[in-house]
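# Secondary and tertiary structure notes
One-letter residues, chain by chain:
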Amino acid sequence: SRKRVLMSFALGFLVVTVDLFCKQKMSKAEHYFFEFQGIFDSHTGRQLLRNHCVKELTSESFDFIVACNEIEKCAILDAKIAKVQEAYDTFIKESGRLQINLAASMVTNINNFLTLLKQEDDVQKKEAIVSQIYDQAYKATMLLLKVNMFPRFIRSAEFVKTIANTKPKDIEKNFAATH
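In what follows, the accompanying structure is described. (Residues numbered from 1 in each chain as written. Predicted model: local features only at pLDDT ≥ 70, side-chain atom pairs only at ≥ 80, totals over all residues. Heavy atoms only, no water.)

## Looking at the overall build of the protein chain
Tallying secondary structure elements over the protein chain gives ten helices and zero strands in all. Helices and strands appear in the protein chain in the N-to-C order α-α-α-α-α-α-α-α-α-α. Pairs at least 24 residues apart make up 69% of the contacts formed inside the protein chain by residues separated by at least 6 positions. If you sum the accessible surface of the protein chain, you get close to 11,600 Å²; carbon and sulfur atoms cover 56% of it. (Helix = DSSP H or I, 4+ residues; strand = E, 2+ residues; numbered from the N terminus. Contact = heavy atoms within 4.5 Å. Areas by Shrake-Rupley, 256 points an atom, 1.4 Å probe, with all protein chains shown as cover.)

Structure follows, in structure tokens:
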């Protein structure tokens, strides 16, 4: 009976101590303002964000955003077209292995653009199609990540711990955070 009281007391003390420790770590993160793009553009931030997306079962959306960015960075038109097709097969196509959730109208628009792209011979028109084929889907997916997942991410234990263990100047530099 006395052992139970002591064990309960010790357990309660441990819970309070862990809770205070977590609140202290969180308080450092609370002093900064983080934006999605600042985290996404940071190597460490992107890794943390991707890990969080995996935990929340939203990694397909994250990977689609990365694929769209890779298409944009690509300088050679044929390589861009190949990346557009790969993104379609992976994220848009009904049987895609990482299909993202998009409105049917967006998928129809993408299908129409893809058909035009395959029929078009003019290089400038192909460039124009490639540059806008995923615009709506990109914006919709980015909005979902920013509004739904990102607020939970910046409060996650992994992110808060990373911020707590990072020097203030590095927080601002590496994550484009502001006070």
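On we go from here.
## Overview of the side chain of T141
Position of T141 relative to the elements: it lies in helix α8 (residues 135–154). A residue is classified by how much of its surface remains accessible, and T141, at 3% relative accessible area, is buried. Setting aside residues no more than four positions away along its own chain, T141 makes contact with S61, F64, I65, I100 and L102. (Buried < 20%, exposed > 50% of the residue type's maximum accessible area, 1.4 Å probe, protein only.)

## What to know about the side chain of H52
One can find H52 in helix α3 (residues 43–55). With relative accessibility at 10%, the residue H52 sits in the buried group. The residues contacting H52, other than those within four sequence positions of it, are M149, R152, F153 and S156.

## Considerations on the environment of E56
Position of E56 relative to the elements: it lies in the loop between α3 and α4 (59–73). On the basis of relative accessibility, which here comes to 23%, the residue E56 falls in the partly exposed class. Here the alpha-carbon distance between E56 and M149, two residues 93 residues apart in the chain, equals 7.9 Å. Ignoring sequence-local partners within four residues, the contact set of E56 consists of M149 and R152.

## Description of the environment of V147
With respect to the secondary-structure elements, V147 resides in helix α8. Through-space distance from the C-alpha of V147 to that of F36 is 9.6 Å; in sequence the pair is 111 residues apart.

## Quick word on unusual backbone geometry
The backbone phi angle of L57 is positive, close to 60°, even though this residue is not glycine. With respect to the element layout, L57 can be found in the loop between α3 and α4.

## Regarding the packing of helix α6 (residues 104–119) against helix α7 (residues 123–132)
The N-to-C vectors of α6 and α7 enclose an angle of 155°; their axes lie 10 Å apart at closest approach. As the angle between them shows, α6 and α7 are arranged roughly antiparallel. Regarding α6 and α7, the two cross each other, and that crossing is left-handed. In contact with F113, L116 and L117 of α6, α7 contributes K126, I129, V130 and Q132. (Axes fitted to C-alpha atoms, helices over the stretch in contact; angles between N-to-C directions. Parallel < 35°, antiparallel > 145°, perpendicular 65-115°, else oblique. Left-handed = near helix turned anticlockwise from the far one by under 90°.)

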